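# Structural characterization, general
Here is how the chains run, residue by residue.
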Amino acid sequence: MTATAPTPAPAQGTEEIQDAGHVDVLIVGAGVSGIGAAHHLRDQLPDRTFVILDAQDNRGGTWWTHRYPGVRSDSDLFTYGYRFKPWRGPSIAAGEEILAYLDEVIDDYGLDQYIRYRHRVTAASWSTEDRRWTVEVTRGDTGQQLRFTTGFLWMCQGYYNHTKPYRPQWEGMDRFQGVIVHPQRWPEDLDLAGKRVVVVGSGATAATLIPAIAEKAKHVTMLQRSPSYFYAPPTTHELAVTLRALDIPEEWTHEILRRQYISQYHWLARTSLEAPDELHTFLIESMRPLLPEGFDVDKHFTPRYRPWQQRIAVVPDGDLFAALREGKASIVTDTIEAFTEHAIKLCSGEEIPADIVITATGFNLSVLGDVAFTVDGEPVDFTERVTWRGIMINGLPNMAYVFGYFRHSWTLRVDLVSDLIGRLLANMQDKGAAMVVPTLRPQDTDMQLRPWSDPENFNPGYVTRSQHILFKQGDREPWIHMLEHEQEREILPEANLDDGTLVYR
């Protein structure tokens with residue numbers, strides 16, 4: 001039976017830091033990444049002790065904090081779900097359905113006993129002498145300060161800054177007499193009935209929100225500075241309908257649909273690079289018959305970038321386009337000059353009357369949960385570090401992180417990374433090593449350092465705004481990341497853990 005660190009009894013108002021125990025592996029984050037990592041760790045190395053810490057008061061990460069109307073995945077659930085847990089619902093799922101799926105994973109594999117909610121990690125300090133991390137934690141419910149120690153730190157907190165969404169400031173916002181809302185801070189009592197709503201933004205959040213609120217609001221206007229690409233697949237894949245009609249095992253349906261979607265994503269990723277004009281035409285022409293007759297596609301739906309330089313927004317069954325056809329929603333492509341008391345004034349001179357403005361303007365990235373890292377007493381400046389396969393950071397011993405795909409389902413990479421970390425921990429045990437640290441080889445020390453994300457590859461606003469705080473990548477393996485799943489499903493399982501880039505002690 002795998003043991004976990006004990007949780008001390010709450011001590012309201014206590015300032016003294018209390019020892020919370022030691023575990024072999026400490027996982028930060030109880031969202032999709034952390035839950036998946038915990039399952040794989042238990043499955044591959046059942047003798048290891050571990051605990052999962054999460055700052056929120058429940059599981060799910062993004063799916064717990066994002067509660068705006070219509071919130072859903074823009075990846076299919078056959079690949080967004082774990083490979084070890086068949087998905088039995090529609091291909092595109094709502095946030096509450098994903099939370100229910102995660103609950104099943106937690107229950108099926110007994111993970112609830114390992115999760116500590118309302119435990120915010122604030123600092124992590126590595127000691128080479130002790131071969132361990134000391135992790136400082138603040139309990140959100142009591143304010144209590146705790147100290148965990150661990151032999152291996154696994155950062156699975158994702159990349160959102162859940163406390164500080166991206167909120168641009170426009171002139172006159174302070175005089176606007178209506179309500180301004182960010183989807184990441186959705187008020188439960190917001191009354192949309194009969195209101196004129198303006199949604200600022202044209203990404204996945206806007207595409208999700210607008211059809212969800214169009215029935216209640218008087219009218220919804222999507223105000224975009226520039227267009228995005230959209231794709232309108234069916235909510236339920238026709239192949240899933242066929243397979244379920246044959247009454248075959250759900251595990252078979254899951255695996256067949258999973259392979260089908262993976263193949264589709266691979267085609268999209270390849271085509272975006274090899275034949276972007278072909279993919280552009282495919283996406284635009286697939287939208288055209290779903291839009292109102294005479295709609296200005298060139299103005300409102302033709303992006304300035306090539307397909308997949310930013311995420312393609314999924315609108316299942318074309319629900320956004322249905323709202324446009326029915327006159328419940330409209331699109332304005334322009335820039336904001338200022339807010340007035342009851343409207344948004346655009347640079348063209350037009351004014352859009354508004355009772356409620358929803359700033360679906362994106363989010364801010366968080367570098368490893370904004371935890372303060374030190375190694376042997378020296379603060380870690382991540383802007384001077386380079387990634388090892390998008391899984392570890394050079395010079396940081398016994399620390400891994402999970403970052404998923406942008407063009408494929410996030411969880412496909414959770415499974416692959418977890419497999420590699422399992423191999424790494426087993427390799428350390430075989431070598432009798434208590435420490436492993438990614439280290440630049442002599443031939444790597446002069447390599448060109450590149451941005452965390454190459455703008456020619458992927459350049460949405462939330463990435464370009466954060467490049468200056470993120471670590472770098474090199475110009476060769478294993479110091480690169482953001483490869484496609486089609487590449488990594490071959491590379492990561494075969495990755496050589498003894499190629500000299502990992503130093504064991």
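Refer to the structure above for everything that follows.
Rules of the game
- Per chain, residue numbering runs from 1 following the sequence as it is written.
- Since the coordinates come from a predicted model, pLDDT governs what is reported: local features require at least 70, and pairs of side-chain atoms require 80 or more to be given and counted, while whole-chain, interface and lining totals use all residues.
- Side-chain measures were taken over the full set of non-hydrogen atoms in the model, leaving aside hydrogen atoms and water.
- Think of it this way: DSSP has to see at least two bridges between two strands before they count as a pair.
- Think of it this way: any DSSP run of H or I at least four residues long counts as a helix, any run of E at least two long counts as a strand, and we number them from the N terminus.
- Here the axes come from fitting lines to C-alpha atoms, over the contacting stretch only for helices, and the angles between their N-to-C directions go from 0 to 180 degrees.
- As used here, the term nonpolar core means buried Ala, Val, Leu, Ile, Met, Phe, Trp, Tyr and Cys residues forming a set that is joined through side-chain atoms within 4.5 Å.
- Throughout, exposure labels follow a simple rule: accessible area from a 1.4 Å probe, protein chains only, divided by the maximum for the residue type, with under 20% read as buried, over 50% as exposed, and the rest as partly exposed.
- The contact criterion used throughout is that any non-hydrogen atoms of two residues lie within 4.5 Å.
- Salt bridges are defined by distance alone: a side-chain nitrogen of Lys or Arg within 4 Å of a carboxyl oxygen of Asp or Glu.
- In summary, the pairing rule links any two rings of Phe, Tyr or Trp, Trp by its six-membered ring, whose centres are within 6.5 Å, and it sorts them by plane angle into stacked for under 30 degrees, edge-to-face for over 60 and tilted for everything else.
- Note on criteria: charge over ring means Lys NZ or Arg CZ within 6 Å of the ring centre, with the direction from the centre no more than 35 degrees off the ring normal.
- Helices are assigned an expected span. That span is 1.5 Å times one less than the residue count.

Take the sheet that holds strand E16 (residues 356–359) next. Within the open sheet, the five strands sit side by side as E7-E16-E8-E9-E12. Their pairing is parallel. Looking at strand neighbours, the two that pair on one side only are strand E7 (179–181) and strand E12 (329–333), the edges of this open sheet. Direction aside, the axes of adjacent strands within the sheet are offset by 20 degrees on average. Summarising the sheet, E7 and E16 pair through three bridges and their orientation is parallel. By the bridge assignment, Val 181 is partnered in E16 with Ile 358.

Right, let's get into the nonpolar core. Most often, soluble globular proteins keep nonpolar side chains buried together rather than apart. Formed by 146 residues in total, the largest nonpolar core has its most connected members in Ile 27, Leu 153, Trp 154, Phe 230, Phe 373 and Ile 421. Among all residues touching Trp 154, those that are not within four sequence positions of it are Val 25, Leu 26, Ile 27, Val 28, Ala 37, Leu 41, Ala 400, Tyr 401, Val 402, Ser 418 and Ile 421. If you look at the next biggest cluster of nonpolar residues, it comprises 13 residues, including Phe 176, Val 200, Leu 346 and Ala 354.

Our next topic: the environment of Val 315. Residue position: Val 315 is located in the loop between strand E11 (313–314) and helix H10 (319–325). In the structure, Val 315 is positioned 84 residues away from Tyr 231 in sequence and 6.1 Å away in space, judged by C-alpha atoms. In contact with Val 315, not counting residues within four places along its chain, are Arg 72, Ala 207, Phe 230, Tyr 231, Ala 232, Pro 233, Leu 320 and Phe 321.

Applying the stated criterion across every chain, the model contains 27 salt bridges. As a salt-bridge pair, Asp 141 and Arg 139 come within 2.7 Å of each other at their nearest N and O atoms. Of the charged contacts, one joins Lys 328 and Glu 215 as a salt bridge, the two residues approaching to 2.5 Å between their closest N and O atoms. Placement of Lys 328 in the loop between H10 and E12 and of Glu 215 in the loop between helix H5 (204–213) and strand E9 (219–224) is noted, with a sequence separation of 113 residues between them. Each of Arg 441, Asp 444, Asp 475 and Arg 476 takes part in a single network of salt bridges with overlapping partners.

So, about the environment of Gly 158. Mapped onto the fold, Gly 158 is located in the loop between strand E6 (145–155) and E7. Note: C-alpha distance between Gly 158 and Glu 341 (183 residues apart in sequence) is 38 Å. Not counting the four nearest positions on each side in its chain, Gly 158 is found in contact with Ser 366 and Trp 410.

What follows deals with the packing of aromatic side chains. The final tally for this structure, using the stated rule, is 34 aromatic pairs. Ring centres of Phe 373 and Phe 382 lie 5.5 Å apart, and the angle between their planes is 90 degrees; on these two criteria the pair is classed as edge-to-face. Each member of the pair, Phe 373 together with Phe 382, is buried. The ring of Tyr 166 has Arg 465 sitting right over it, with the charged end atom 3.4 Å from the ring centre.

What follows concerns helix H1 (residues 32–44). Compared with the 18 Å implied by 1.5 Å per residue over 13 residues, the 18 Å span of H1 between its first and last C-alpha is a close match. With ten of 13 residues buried, H1 is to be regarded as a mostly interior element. Along H1, the positions that sit buried rather than exposed are Val 32, Ser 33, Gly 34, Ile 35, Gly 36, Ala 37, Ala 38, His 39, His 40 and Leu 41.

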